[in-house]
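Okay, here's what each chain looks like letter by letter:
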Amino acid sequence: MEKVDTVIIGAGIIGLSCAAKLAEENTSIVVIEENASFGQETSSRNSEVIHAGLYYRPGSLKLTCCVRGKELLYQLCKKNRIPYRKTGKLIIAADRAEEAKIEDIFQNVIQCGITTLRYLSRKEISSYAPDVNARTALFSPESGIIDSHSYMQFLYQTALDRGVVFSFSTEVVRIRKESSGYTVTVKEPQGTEFAFQAEKIINCGGLHSDNIASLAGIDIERNHYKIHYCKGQYFRLGNPQKYSIARLIYPPATGVSLGIHITPDMAGGLRVGPDSYYCREIDYTVDIGQKQRFYEEIKKFLPEVTIAELIGDTAGIRPKLQAEHEDFRDFVIKEESDQGFPGFINLIGIESPGLTAALAIAEKILDMS
Ligand SMILES: Cc1cc2nc3c(=O)[nH]c(=O)nc-3n(C[C@H](O)[C@H](O)[C@H](O)COP(=O)(O)OP(=O)(O)OC[C@H]3O[C@@H](n4cnc5c(N)ncnc54)[C@H](O)[C@@H]3O)c2cc1C
């Protein structure tokens, strides 16, 4: 039977960044991906925002990986000409109730040790976002946007150059623990199965990461590893040139999402969304019937918008550990020796800010493996 040192399951941004990083150490690495190419799921269905870490609990992995990941990501983009823009971001309050919410965000950010967030004066609000209606606004100069496809393409090419082997259109269907390492069985495009041995497994399976842990025999109920799907849909403004919006514009976050925001993209467009609701199936269609609701949300802070400008765009699904109505859950990034699975590393619940945090997460995985 063929043998490799490390198998990485999943070629989203997390699998790609782990592959590129681990390959620095010159081990034999195979990435198994069930789609025909990399980055076809959550990693290409998001806001493409480089987050500054404003919403997470002090000391959490979400916070530390976001802050470190953002630094690494800006360096990577600059050095390798990956398209990005440090746009800055406004978190705006349209009324009194929202003012209280953004003050909560401000206090949390102070506790997290982030010193760059500040309140804008009225004059600054109208010069930073002239078309936006806000009573009060916070400004995060460190937030930005990135072309996520170029980011993934760069990591994919880096991993290839360092000798990583990618097997696309191949699904991991069984994992058996052996006295040393694991036997991994995959299903190939023609339906044939093929088994090989791996010393280490890194589970970067995104929306299926709980199932992958379970394939190996890890009890996902007892460990609270069950993933809950939480969908986010986007619309696009049909005539972005009508507005002078160069920065990210966010309402205050809710418990499960960052709120329907306006995101400029690298192509000069303006995206609106995502919304947020729990669902059972992975279905990326956008419900055009939601247009009115999106319009009402956006109109609160973009008074000139008309409903006719909204065009259905894309949708993504958050792989949440937090069930509906539950409180904050952190990323799970864990080597499972204590459960009898040495060399098996789980990355579960890697929702936002996973795109920002990916390079920092890969550093952690290199330390663990
Ligand atoms: C609506 C939305 C907005 C977001 N906005 C942002 C943002 O602006 N900024 C930010 O930092 N983060 C954002 N995120 C979060 C970010 O997109 C994710 O954290 C990140 O993409 C997760 O990457 P991943 O590699 O873990 O998952 P994925 O990209 O889903 O990759 C997992 C891969 O595993 C493969 N796979 C699964 N099971 C198997 C199997 N059995 N065999 C083989 N392959 C398998 C899948 O095919 C998939 O390609 C957002 C997420 C959503 C949903």
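Rules behind the numbers
- Residues numbered from 1 in each chain as written.
- Predicted model: local features only at pLDDT ≥ 70, side-chain atom pairs only at ≥ 80, totals over all residues.
- Heavy atoms only, no water.
- Domains from an automatic or database assignment.
- Contact = heavy atoms within 4.5 Å.
- Buried area = accessible area lost by both parts, 1.4 Å probe.
- Salt bridge = Lys/Arg side-chain N within 4 Å of Asp/Glu carboxyl O.
- Polar contact = N/O pair within 3.5 Å; in protein donor to acceptor, adjacent residues only side chain to side chain.
- Nonpolar A, V, L, I, M, F, W, Y, C, P; charged D, E, K, R; others polar.
- Near = heavy atom within 4 Å.
- Areas by Shrake-Rupley, 256 points an atom, 1.4 Å probe, with all protein chains shown as cover.
- Helix = DSSP H or I, 4+ residues; strand = E, 2+ residues; numbered from the N terminus.
- Axes fitted to C-alpha atoms, helices over the stretch in contact; angles between N-to-C directions.
- Parallel < 35°, antiparallel > 145°, perpendicular 65-115°, else oblique.
- Left-handed = near helix turned anticlockwise from the far one by under 90°.
- Pairing = 2+ DSSP bridges.
- Phe/Tyr/Trp six-rings, centres within 6.5 Å; stacked < 30°, edge-to-face > 60°.
- Buried < 20%, exposed > 50% of the residue type's maximum accessible area, 1.4 Å probe, protein only.
- Lys NZ or Arg CZ within 6 Å of the ring centre and 35° of its normal.
- 1 Å grid on protein atoms, 1.4 Å probe; cavity = no way out; pocket = protein on both sides within 12 Å on 5 of 7 lines; lining within 4 Å.
- Points joined across faces, edges and corners; volume = space filled by probe spheres on them.

Some points on the domain arrangement of the chain
For the chain, the assigned domains read domain 1 (3-45 + 150-225 + 328-368) and domain 2 (89-141 + 228-320). The C-alpha-based centres of domain 1 and domain 2 are spaced at 32 Å. With nine residues of domain 1 in contact, the opposing surface of domain 2 contributes nine residues. The largest share of the area that domain 1 buries against domain 2 comes from R45, L207 and E351, three residues that together contribute 66% of it. Between the two partners, domain 1 and domain 2, sit one salt bridge. Here K320 ties to E351 by a salt bridge, and the two come within 2.6 Å at their closest N and O atoms. Here domain 1 and domain 2 share four residue pairs in polar contact (both at pLDDT 80 or more) between them. Tallied by class, the residues present in the side of domain 1 that touches domain 2 amount to two nonpolar, four polar and three charged.

A closer look at the site of the ligand
Neighbouring the ligand are 39 residues; E33, S43, V49, I350 and T356 lie closest to it. Within the side chain of H51, an N or O atom sits 3.4 Å from a nitrogen atom of the ligand. One of the backbone nitrogen or oxygen atoms of L355 is found 3.2 Å away from an oxygen atom of the ligand. For the ligand, the accessible surface in isolation is 1,000 Å², of which the surrounding protein chains cover 97%. Contributions of two or more residues to the shell around the ligand are made by α1 (13-22), β10 (171-177), β18 (310-320) and α8 (354-368). Its residues placed into classes, the shell around the ligand shows 15 nonpolar, 16 polar and eight charged.

Digging into the side chain of E351
Mapped onto the secondary structure, E351 falls in the loop between β20 (341-348) and α8. A polar side-chain atom of E351 sits 2.6 Å from a polar atom in the side chain of K320. Not counting the four nearest positions on each side in its chain, E351 is found in contact with K62, R318, P319, K320, Q322 and F331.

Digging into the packing of α1 against α8
Interaxial distance between α1 and α8 falls to 8 Å at its minimum, and their mutual angle equals 40°. Considered as vectors, α1 and α8 are oriented oblique to each other. As α1 runs across α8, the sense of the crossing is right-handed. Where α1 approaches α8, its residues I13, I14, S17, C18, K21 and L22 are matched on the opposing element by G354, L355, A358, L359, I361, A362, E363, I365 and L366.

Observations concerning the sheet that holds strand β8 (residues 144-146)
Strand order in this open sheet of three strands is β3-β8-β4, and the pairing throughout is antiparallel. Taken across any chain shown, the strands that pair with only one partner, and hence form the sheet edges, are β3 (49-50) and β4 (84-85). Note that β4 and β8 share two bridges and pair antiparallel. Looking across to β8, one finds that Y84 is bridged to I146.

Points about the packing of aromatic side chains
Scanning all chains against the criterion turns up eleven aromatic pairs. Measuring from ring centre to ring centre gives 4.9 Å for Y128 and F139, while their planes differ by 80°; the resulting arrangement is edge-to-face. With Y128 in helix α4 (residues 122-128) and F139 in strand β7 (residues 136-140), this pair connects stretches of sequence that are eleven residues apart. Residue Y128 shares its accessibility class with F139, and that shared class is buried. Note on Y156 and F168: the rings are 5.9 Å apart at their centroids and 55° apart in plane angle, and the pair reads as tilted. Of the two residues, Y156 sits in helix α5 (residues 148-161) while F168 sits in the loop between β9 (165-167) and β10, which places them twelve residues apart along the sequence. In this structure, R247 packs its charged tip against the face of Y128, placed 4.3 Å from the ring centre.

Some details on empty space enclosed by the protein
Rolled over the atoms, a probe with the dimensions of a water molecule shows which regions are left empty. If you walk through the whole model with that rule in mind, you get one cavity of 30 Å³ or more. Approximately 40 Å³ is the volume found for the largest cavity. S47, E48, I145, I146, T263, P264, D265, M266 and R271 together form the lining of the largest cavity. Listing elements by their share of the lining of the largest cavity, those giving two or more residues are β8 and β15 (261-264). Its residues placed into classes, the lining of the largest cavity shows four nonpolar, two polar and three charged.

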